Amino acid sequence: SQKIEQNSEALNIQEGKTATLTCNYTNYSPAYLQWYRQDPGRGPVFLLLIRENEKEKRKERLKVTFDTTLKQSLFHITASQPADSATYLCHTGGFKTIFGAGTRLFVKA
Amino acid sequence: NAGVTQTPKFQVLKTGQSMTLQCAQDMNHNSMYWYRQDPGMGLRLIYYSASEGTTDKGEVPNGYNVSRLNKREFSLRLESAAPSQTSVYFCASSRIIPGQGTDTQYFGPGTRLTVL
């Protein structure tokens, strides 16, 4: 069955460093992947979308890559800040949507 | 715009009771979704409605029913609640972006349901 896997362990980094989160997919060839942010007690919020023919997408301090050979997307936050602390979710599009379980990021001041 | 709204925010039920979770969106989106989120399991799709008048099962539909009342509203019903349905429920809506074939989902604030 189609699967999206994200590192379930929390990621702890120091303020100012780059956070890198991983999303791997199996039994699936998504036309695009999306990344969402979820804060405790709230619904997910869309951040970035990357298509299969795009290697990289940027938005301010955020960068997403998509490697169809490795079946992987990487999500980077550069110059991270404590306000970036949240859970980040990887998501396929389409009606039968699949979300990864998310990776919890903690940025320490 | 309010975006996606959900009611109630919190609910406690006893086993066997029934209830309906309400969801409404004011973004004129065609598609709507119901998810449940459990610790360590991420968001799992219960049902979705691709457009007004249609509904389809997602990954975990058992024990639930849905109604797409009109373009704005999509409700989720638990006919006979069970402790295994204790979860946080999220409603979302989306539209296909013309010419791009991509969609982005917009989520409500969630309903925290406990079944005793």
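Residues numbered from 1 in each chain as written. Chains lettered and ligands numbered in written order. Predicted model: local features only at pLDDT ≥ 70, side-chain atom pairs only at ≥ 80, totals over all residues. Heavy atoms only, no water.

**Brief notes about the interface of chain A and chain B**
How big an interface is tends to be stated in terms of accessible area lost as the parts join. Listed per partner, the contact involves 21 residues of chain A and 23 residues of chain B. Summed over both sides, the interface between chain A and chain B buries roughly 1,600 Å², with carbon and sulfur atoms accounting for 55% of that surface. On the surface where chain A and chain B come into contact, there are zero salt bridges. Across the chain A-chain B interface, the total number found is seven residue pairs in polar contact (both at pLDDT 80 or more). (Contact = heavy atoms within 4.5 Å. Buried area = accessible area lost by both parts, 1.4 Å probe. Salt bridge = Lys/Arg side-chain N within 4 Å of Asp/Glu carboxyl O. Polar contact = N/O pair within 3.5 Å; in protein donor to acceptor, adjacent residues only side chain to side chain.)

**Section: the packing of aromatic side chains**
Across all of its chains, the model carries 13 aromatic pairs over all chains by this definition. Ring plane angle 25 degrees and centroid distance 6.5 Å describe the contact between B:Tyr33 and B:Tyr48, whose orientation is recorded as stacked. Residue B:Tyr33 is found in strand E4 (residues 31-38), and its partner B:Tyr48 is found in strand E5 (residues 42-49); the two are separated by 15 residues along the sequence. For B:Tyr33, a relative accessible area of 0% puts it in the buried group. In textbook terms, an aromatic cluster arises when at least three aromatic residues are bridged by ring pairs, as seen for A:Tyr36, A:Phe46, A:Phe99, B:Tyr33, B:Tyr35, B:Tyr48, B:Phe90 and B:Phe107. (Phe/Tyr/Trp six-rings, centres within 6.5 Å; stacked < 30°, edge-to-face > 60°. Helix = DSSP H or I, 4+ residues; strand = E, 2+ residues; numbered from the N terminus. Buried < 20%, exposed > 50% of the residue type's maximum accessible area, 1.4 Å probe, protein only.)

**Concerning the sheet that holds strand E2 (residues 11-14) of chain A**
All names here are of chain A. Spatially, E2-E10-E9-E4-E5 is the arrangement adopted by the five strands of the open sheet, whose pairing is mixed. Every interior strand has two partners, whereas the edge strands, E2 and strand E5 (45-51), have only one. The mean angle between the axes of side-by-side strands here comes to 25 degrees, regardless of whether they run parallel or antiparallel. Where strand E4 (residues 32-38) meets strand E9 (residues 86-92), six bridges bridge the pair, whose relative direction is antiparallel. If you follow Leu33 over to E9, its bridge partner there is Thr92. (Pairing = 2+ DSSP bridges. Axes fitted to C-alpha atoms, helices over the stretch in contact; angles between N-to-C directions.)

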